[in-house]
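Given next are the chains, with one letter for each unit.
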Amino acid sequence: EEQNRELKERLMQLKKERNAIILAHYYQRDEIQEVADFRGDSFLLAQKAAQTDADVIVFCGVHFMGESAKILAPDKTVLIPDERAGCPMADMVNAEGLLDLKRKHPKAKVVTYINSSAEVKAVTDICCTSSNAVKVVNSLDADEIIFAPDKNLGRYVQQFTDKKMILWEGYCNTHDLLTLKDVEEMKAKYPNAQFVAHPECRPEVAAAADFVGSTTAILKYCRETDCDEFIIGTEDGTGYQLRKDSPHKKFYFASKYLVCPNMKVNNLKKVVRALETMQPQIYVPPVIADKARQALERMLQVQ
Ligand code: 13P
Ligand code: SF4
């Protein structure tokens, strides 16, 4: 407690000195979400990074998020609390593999989930996040879409488009672990609860949900729906905002394994240290950043 208070005071001081903002994904530890200037899903945080006039962005999430922030705001210093916080799904695709697939389907447009490296974004037509994937795919003037790396999100999108989706075989280790059996057990235990799921979940899990959406969409749905209990099919860090928005409602996570270990690598101490030492900083080689930026900016322009 005492240590936390001191860390928070130090952080406030450093934020002023450095003219920094702290962006935190909803899957971050509570102690980080508490001190963030903005909490959000990957789309909102990318938008905030693109718009900020701060000199320094401390991006609390996983590596690809900090990288996307740096690509969108190349003149800013982007710090991350710990370089080891990666995303296993982002690591399931590389630029070479994606180029091979493009050669096999020369007419297809490439849509890449923001959960990917800068190199992969650089060989992409347009990025998407879980909150705009359907809109992005349908905005394209092509009948075939190569979609990477999340096969679950890709299959979810396929339900809302006539285009042919060519899917990469990636998945999120955390969401893909949730099974229909887990969900059925929870529904039996809490028969009055609604079940909400992230589209990174398996198709049969998403099909069993009362609502499917990105982290922000799930939060909005739980806040605005006239129901007191929800079974949550996304990462456990969302509990912070869910409880803050609706203190009187009950939220049950659909499985105790809905924890992304990479998101939890960051803590308050590391956030303070990053601002103190101005390390680790994200660097993206300009030739890659320039191409990746086009794919990200195209996404930000899709309404
Ligand atoms: P959103 O932030 O788009 O909901 O994505 C979830 C996720 O897995 C981020 O890593
Ligand atoms: Fe990657 Fe899944 Fe963790 Fe998000 S929750 S960072 S997609 S492993």
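Below you will find a few notes about this structure. (Residues numbered from 1 in each chain as written. Chains lettered and ligands numbered in written order. Predicted model: local features only at pLDDT ≥ 70, side-chain atom pairs only at ≥ 80, totals over all residues. Heavy atoms only, no water.)

Looking now at the pattern of salt bridges. Under the definition given, this model contains 16 salt bridges. Taking the shortest distance from any N to any O, the salt bridge between Asp245 and Arg223 comes out at 3.3 Å. A residue pair is termed long-range when its members are at least 10 positions apart, and Asp245 in helix H12 (residues 239-245) and Arg223 in helix H11 (residues 215-224) qualify at 22 residues. On the accessibility criterion, Arg223 (40% relative accessible area) is partly exposed. The shortest N-O distance in the salt bridge between Lys264 and Asp236 comes to 3.4 Å. Of this pair, Lys264 sits in the loop between strand S12 (250-253) and helix H13 (268-277) while Asp236 sits in the loop between strand S11 (229-233) and H12, and the two are 28 residues apart along the sequence. For Asp236, a relative accessible area of 33% gives the class partly exposed. Via salt bridges that share partners, Glu2, Arg5 and Glu9 belong to a single interconnected network. (Salt bridge = Lys/Arg side-chain N within 4 Å of Asp/Glu carboxyl O. Helix = DSSP H or I, 4+ residues; strand = E, 2+ residues; numbered from the N terminus. Buried < 20%, exposed > 50% of the residue type's maximum accessible area, 1.4 Å probe, protein only.)

Neighbouring residues of ligand 2: Tyr27, Val62, Cys87, Pro88, Met89, Asn115, Cys172, Glu200, Cys260 and Met263. The cavity where ligand 2 resides is the largest cavity. (Near = heavy atom within 4 Å. 1 Å grid on protein atoms, 1.4 Å probe; cavity = no way out; pocket = protein on both sides within 12 Å on 5 of 7 lines; lining within 4 Å. Sits in = over half its atoms within 2 Å of the grid points.)

Moving on: the site of ligand 1. Surveying the vicinity of ligand 1 reveals 13 residues, the closest of which are His25, Ser42, Ser130, His198 and Thr215. One of the side-chain nitrogen or oxygen atoms of Ser130 is found 2.7 Å away from an oxygen atom of ligand 1. For ligand 1, an oxygen atom lies 3.0 Å from a polar atom in the side chain of Glu200. Notes on ligand 1: free accessible area 300 Å², of which the protein chains cover 96%. The class makeup of the residues in the shell around ligand 1 is 4 nonpolar, 7 polar and 2 charged. (Polar contact = N/O pair within 3.5 Å; in protein donor to acceptor, adjacent residues only side chain to side chain. Areas by Shrake-Rupley, 256 points an atom, 1.4 Å probe, with all protein chains shown as cover. Nonpolar A, V, L, I, M, F, W, Y, C, P; charged D, E, K, R; others polar.)

Purely geometric stuff here, so don't read any function into it on its own.
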